[in-house]
Each structure stands twice: as C-alpha cells, then as structure tokens.
Amino acid sequence: MAYNMTINIWSLLATFSLVIISLIISWKEDLGLIKDILIAIFRMSIQLTIVGYILIFVFQIDNWLLTTVMVGIMDINAAWTAQQRGKGIKHHFAIANLSVFGSSIVSMFILVITGAILYVPNQVIPMNGMLIGVAMNITGLSFTNLAQTIDNQRQQINEKLALGASTKQASKNVIRDAVRNSLQPQIDTTKTVGLVILPGLMTGILFGGNFPKEAIMYQILFYFAMMAVATISSVITVYLSYPSYYSEFGQLLPRPNAE
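Being a predicted model, the structure only gives us computed values, none of them experimental.

(A) Region of the structure containing the overall build of the chain. When you go through the chain residue by residue, the secondary structure sums to 11 helices and zero strands. Helices (α) and strands (β) of the chain occur, in sequence order from the N terminus, as α-α-α-α-α-α-α-α-α-α-α. The proportion of buried residues among the 259 residues of the chain is 35%. Excluding contacts between residues fewer than 6 apart, the proportion of contacts in the chain whose partners are at least 24 apart in sequence is 70%. Accessible area of the chain: about 16,100 Å², with a carbon and sulfur share of 67%.

As structure tokens, then:
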C-alpha cells in the first residue's frame, strides 16, 4: 500500500528542533561549532531551494549543452570544497579539480556508453551529483590522510632518504596507507548497504510504496560507479600531492610549501 508524504512548511520548521539538539550539544561540550552548524544549515537550505528551481528549468529544456554546463558547475564547486583540506600543497585546487573531474568523467562515460543511463538532465545531473559528492569527500579525506600518514612515518621516511632512496621510493608506504585509509570508509559503507544502510534511490522507491527490481539494479550500478570514483580520486590526490612534502633537493619538509 502506498502512502503519500505529508510534509509541509510547519512540520519542516518543527523539525528544526533536531538542529537545536546539535546546537545544545555543541554549546554544552564547548565544541565551538554553533556558528559552523548554523551557517551550514542556512547555506544548505538556500542552495537546495535555488538549485531545485534551476533543475526544474533544466529538466524542462532538456538540452545537452546546458546539462554539461550544470555538471561542470557542480564539479567545480565540489573541487573548491575539497581543496580546502589541501591548503599548503602545491596546486591543491588543480589537484582537487583533476581528482573530482577525472573520477566522475570516467564513471559517467562508462554509465552513458553502456546505456545504463541516458545523457539527459534528469538522469545525468542526479547521478553526477551523487558521484561527485563521493569524489569530494574522498579527495578531502586523501589530503588529510596523506598529511597524517607522513607525520606518523616521518622518521622512517628520513631513514630511507638517508640510505639513498628516491622520494618516490621513500613514500611508497605513505602512498599506500593514505589511499587505503581514505578508501576504507567507502568500503565499509558498501559492505553494509542493504543490511544497515538503505540507499537514497531504494528509499525513494519505498516511500512510493513500490519495490521494483530496476531500483535494485540501479542502486547496484551506482555503487559500482561510486567505488571507481572513490579509488580514482584518492589515487590522483595522493600521487599528485606527496611531492609537495619534499624540497627540490629531495629533503622531507616540515610542511609543504604552497604556491
């Protein structure tokens, strides 16, 4: 039996009490996150409202060029957010862009060329939005994990360099650990899909009171694409970022020098 969703503006405002819980916890525990939480909630609400109306317009026009422009704007915004964790790394914004664009383009190309989705706005834009969300998170996480891994293995790296290893050889374990640690949350999420996590696509179908097999297949192909996006974006970020931790003479720096 299908049930209509009954959300309205008043129930939406009432659920702001959930945000108040976060604010109270932040204040009580002296987390210093009250301002950040309020800004995040405000930005999210405004952005969703604006984008929602823009997407209605884009879907109605159904133009491939406008669809491509929308995808590009989404990717640039994702890269801009991700690059903030890479400050200090040379060309961190370019690395974030290559990570987000590269991983999403590869996955979207395969999805379109195999006929899994059509290059129409109401399919490409939502799918791309979900994939670049993964790429954005993994890119930012890779920046952070690389820095932490180098700090943890600084002594071992210097010992390898002293024995004549190149920066690439000295960084082999760092690269491996940074990529692996960045991918682990995505792997754990994928393992628990269906048992713990009910993905958005299937949840939407359930809200409608239906459970067609097509929804299962689309959700599976999305996680195929998501795993590729996560892996590609992490590898690109870590491999292009680690040289910034070395001087031009091959010495490990206290911190990377930004350009």
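This is not the end of the story, as more comes after the structure.
(B) Up close: the side chain of T149. Inspection of the secondary structure assignment puts T149 in helix α6 (residues 121-152). Apart from the residues lying within four places of it in its own chain, the contact partners of T149 are V174, D177, A178 and N181.

(C) Representation of the packing of aromatic side chains within the structure. Per the stated rule, a full pass over the model turns up three aromatic pairs. Their ring planes at 80 degrees and their centres at 5.5 Å tell us that W80 and F93 sit as a pair that is edge-to-face. With W80 in helix α4 (residues 64-82) and F93 in helix α5 (residues 92-113), this pair connects stretches of sequence that are 13 residues apart. Note on W80: relative accessible area 49%, which makes it partly exposed.

(D) Representation of the pattern of salt bridges in the model. What the rule picks out here adds up to three salt bridges. Among the salt bridges present, the one from R176 reaches D177, with a minimum N-O distance of 3.1 Å. Judged by its relative accessible area of 43%, R176 falls in the partly exposed class. Between R180 and D177 there is a salt bridge, with the nearest N and O atoms lying 3.0 Å from each other. Here the residue R180 and the residue D177 both occupy positions in helix α9 (residues 172-192), the gap between them amounting to three residues, near one helical turn.

(E) Region of the structure containing the nonpolar core. Counting 47 residues, the largest nonpolar core has L111, M127, L131, L146, I157 and Y246 as the members making the most contacts within it. Where this core is concerned, the elements lending two or more residues are α3 (34-61), α4, α5, α6, α7 (154-162), α9 and α11 (213-241). With 11 residues, the top contributor of residues to this core is α6. Apart from residues no more than four positions distant in its own chain, Y246 is found in contact with I157, L161, T167, A170, S171, Q251, L252 and L253.

(F) Spatial organisation of a nonpolar patch on the surface. Side chains of F16, I20, I24, W27, I34 and L38 sit close together on the surface and give an oily, nonpolar patch of about 560 Å² of accessible area. Listing elements by their share of the nonpolar patch, those giving two or more residues are α2 (17-28) and α3. Sorting elements by how many residues they give to the nonpolar patch places α2 first, with three residues. For I24, the location among the structural elements is in helix α2. Judged by relative accessible area, I24 falls into the partly exposed class, the value being 46%.

(G) Summary view of the environment of L33. For L33, the location among the structural elements is in the loop between α2 and α3. Here L33 falls in the partly exposed class, since its relative accessible area comes to 36%.

(H) Local environment of unusual backbone geometry. Positioned with a positive phi, D62 is a non-glycine residue whose angle comes to about 55 degrees. Notably, H91 is not glycine yet its phi reads approximately 55 degrees, a positive angle. Structurally, H91 can be placed in the loop between α4 and α5. Exposure remark for H91: the relative accessible area of 47% places this residue in the partly exposed category.

What counts, and at which threshold
Residues numbered from 1 in each chain as written. Predicted model: local features only at pLDDT ≥ 70, side-chain atom pairs only at ≥ 80, totals over all residues. Heavy atoms only, no water. Helix = DSSP H or I, 4+ residues; strand = E, 2+ residues; numbered from the N terminus. Buried < 20%, exposed > 50% of the residue type's maximum accessible area, 1.4 Å probe, protein only. Contact = heavy atoms within 4.5 Å. Areas by Shrake-Rupley, 256 points an atom, 1.4 Å probe, with all protein chains shown as cover. Phe/Tyr/Trp six-rings, centres within 6.5 Å; stacked < 30°, edge-to-face > 60°. Salt bridge = Lys/Arg side-chain N within 4 Å of Asp/Glu carboxyl O. Core = buried A, V, L, I, M, F, W, Y, C linked by side-chain atoms within 4.5 Å. Patch = residues over 30% accessible without salt bridge, like charges linked within 9 Å, V, L, I, M, F, W, Y side chains within 5 Å.

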